[in-house]
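The primary structure of each chain is shown beneath.
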Amino acid sequence: MANSVFNVPYPINEPVLDYLPNSSERKAVLDTYNILFNQTIEVPMRIGNQDIKTENTETLQPPHDHQHKIGLYHKAEKKHINAAISAALNAREKWSQLEWTSRAAIFLRAAELIAGPYRAKINAATMLAQSKTIHQAEIDAACELIDFLRFNVYFMQEIYENQPESSPGIWNRISYRPLEGFIYAISPFNFTAIAGNLCASVAMMGNTVVWKPSDHQIYSAQVIMEIFREAGLPDGVINMVFGDPVMITDTILESPDFSGIHFTGSTDIFKGIWAKIGANIQKYKTYPRIVGETGGKDFIVAHPSASPREVATGIVRGAFEFQGQKCSAASRIYLPKSIAQEIINFVKQDLESISMGSPANFENFVTAVIHKGSFDRLVNAIEQVKKDSDAEILIGGTYNDQKGYFIEPTVVITTNPKYFTMEKELFGPVATLFVFDDSDWKNTLTLIDQTSEYALTGAVYSNDRYAIEEALQALENSAGNFYINDKPTGAVVGQQPFGGARASGTNDKAGSAANLMRWVSPRLIKETFIPAKDYRYPFLKS
Ligand code: NAD
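No experiment lies behind these values; they were computed from the predicted model shown.

Once that is clear, we can look at the side chain of N481. Along the chain, N481 turns up in strand 21 (residues 481–484). N481 gets classed as buried once you look at its relative accessible area, which sits at 5%. One polar contact links the side chain of N481 to the main-chain carbonyl oxygen of P497, over a distance of 3.2 Å. Polar side-chain contacts of N481 include one of 3.0 Å to the side chain of K509. Residue contacts for N481: discarding those within four places in its chain leaves L456, T457, G458, A491, Q496, P497, F498, G499 and K509.

Below, the discussion takes up the site of the ligand. Within the structure, the ligand sits among 27 residues, and S187, K212, S266, T294 and E425 are positioned closest to it. One nitrogen or oxygen atom from the main chain of T294 is found 2.8 Å from a nitrogen atom belonging to the ligand. Between the ligand and E425 there is a distance of 2.6 Å, counted from an oxygen atom to a side-chain nitrogen or oxygen. Within the complex, the protein chains bury 86% of what would otherwise be the 840 Å² of accessible surface of the ligand.

What follows concerns empty space enclosed by the protein. The final tally for this structure, using the stated rule, is 2 cavities of 30 Å³ or more. As a volume, the largest cavity reaches approximately 80 Å³. Forming the boundary of the largest cavity are 13 residues, of which G324, A329, S331, L426 and F427 lie nearest the centre. Looking at side-chain class alone, the lining of the largest cavity contains 5 nonpolar, 4 polar and 4 charged residues. A volume near 40 Å³ is recorded for the second largest cavity. Around the second largest cavity, the lining residues are R46, G48, M225, R229, L233, P234, D235, G236 and I238. Residue composition of the lining of the second largest cavity, grouped by class: 4 nonpolar, 2 polar and 3 charged.

Here strand 5 (residues 71–74) shows two buried faces, one formed by G71 and Y73 and the other by L72 and H74. Alignment of strand 1 (residues 41–43) against strand 5, held across 3 bridges, turns out to be parallel. Across the sheet, I41 pairs through a bridge with G71, a residue of strand 5. Relative to strand 5, strand 4 (residues 57–60) runs antiparallel, the two being bridged by 4 bridges. When the bridges of strand 5 are listed, E58 appears paired with Y73.

Turning our attention to the environment of I448. Along the polypeptide, I448 turns up in helix 14 (residues 441–449). Using a relative accessible area of 0% as the deciding quantity, one classes I448 as buried. As for I448 and F270, which are separated by 178 residues in sequence, their C-alpha atoms are 24 Å apart.

Reading across from one edge, 1-5-4 is the order of the 3 strands in this open sheet, with mixed pairing throughout. The open sheet terminates on both sides in strands that have one partner only, identified here as strand 1 and strand 4. If you compare each strand with its neighbour and ignore which way they point, the axes differ by 25 degrees on average.

Conventions adopted
Residues numbered from 1 in each chain as written. Predicted model: local features only at pLDDT ≥ 70, side-chain atom pairs only at ≥ 80, totals over all residues. Heavy atoms only, no water. Helix = DSSP H or I, 4+ residues; strand = E, 2+ residues; numbered from the N terminus. Buried < 20%, exposed > 50% of the residue type's maximum accessible area, 1.4 Å probe, protein only. Polar contact = N/O pair within 3.5 Å; in protein donor to acceptor, adjacent residues only side chain to side chain. Contact = heavy atoms within 4.5 Å. Near = heavy atom within 4 Å. Areas by Shrake-Rupley, 256 points an atom, 1.4 Å probe, with all protein chains shown as cover. 1 Å grid on protein atoms, 1.4 Å probe; cavity = no way out; pocket = protein on both sides within 12 Å on 5 of 7 lines; lining within 4 Å. Points joined across faces, edges and corners; volume = space filled by probe spheres on them. Nonpolar A, V, L, I, M, F, W, Y, C, P; charged D, E, K, R; others polar. Pairing = 2+ DSSP bridges. Axes fitted to C-alpha atoms, helices over the stretch in contact; angles between N-to-C directions.

Put into structure tokens, the structure is as follows:
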């Protein structure tokens, strides 16, 4: 027993390394990439204290080289999911009783492992599995995951310190219990950090978890699991399963002990899961916590006072980094007529200088999109634009899937502000421009607010303070993360807590105390030092 009130280390954002030519970090990550690329691995599921292999396997290949096999993974049957639920429930008692400082130490150690000995490996695995450039891998798999772990440990302490007032003769206190039962975490392909955080944030608060990563992130998910285990995470606290998402989800949602879901992914999938939870509500011992961060149709709007060069940079970075596969990526862009052509010229110049190919070549800014389904969806959209009379391809519009799933950064221009590429999340390197009359500034803000079902991120570029204020007010409910004179992507943990409203999610702000609060069930304890001995209150005296 510690007999002390400890303070966890004050969190500081992990510095982003540059990977300059001849730097040691560049050599380390390229060497690791080449080793991983030239070997094949087998990824078992991890349930309780066992690595589980099955007869049912699937191959792993990089999206930028889809005929090249880098491994295979094992898929679950229903019995494995039931075993994962049991493993989580069995681990819960000891894990939830462990001193919170020990839980903190495990995840702080995991952060240090990523920052040091595992940095090259987790980045190289993310470059291979998700086709990220080294910069995109570094800000995600290394820095953001480290930040999630360090900052969440700090927020956990802040939550525990939050205690009620007491009055004379009475001591009130709150214990922040983990939820009863187990939590289900489902993660998307596009961020290694999100995958790690969805399960770690829940486990940190004393819960046990069944975690289902995306089929298209398994290669880097197994590195996360390796790190958590090396950091000392006990068996059964996070159980990692792969396979048919519908079977896995249905099996989990049948369990009376299901007590919450931590989801990040697309909107329709989340709505479907929510409906299933609703339909099963009579089965559960407790009301499940439902946390989901989902899709976006994120905007950039430029005011006539904006700097065309700055807007163009915001578009190029905001729409095309990681092939536009960020929930926050700019995909509908509103430009005033007076400066539209100048902005378009800058964007054209920039995109002409961009090269596309394997992330192993550090000169490439753009690499492949994640899988054939995504490639086909984007090709269909591009071909539709070519047919329609109210839109045209302004820049790009070519594609090639011979070696990898490559889509050229594409800019569409439309005269129809409700055109389908202004409303629908395409999740790829396709952005659509709509040009408005300068005098229509205020109407355009209303239009932005009323276009698409999402409200995740958005940005205004302006050098006119009144216009910025107008945008802030008119777009109050149009974005959970709103940027002034900056691109709408690249939220940093501890600085810009992330999440959107409307169809973009429950807005519980990943990387904040608000999110961690969803994974506890506070118990108020009132202690009276001298208990009453007579039921009669003074007013009863005659
Ligand atoms: P996805 O919805 O296809 O998959 C997400 C997860 O859900 C995966 O693990 C997948 O296997 C699982 N899944 C798929 N079908 C399911 C079903 N029927 N039942 C239960 N689970 C199911 O999303 P994705 O392609 O991996 O990721 C891209 C999406 O995620 C985009 O819509 C993007 O906007 C969103 N996203 C949002 C945020 C955010 O913070 N708001 C962050 C990252 C990604």
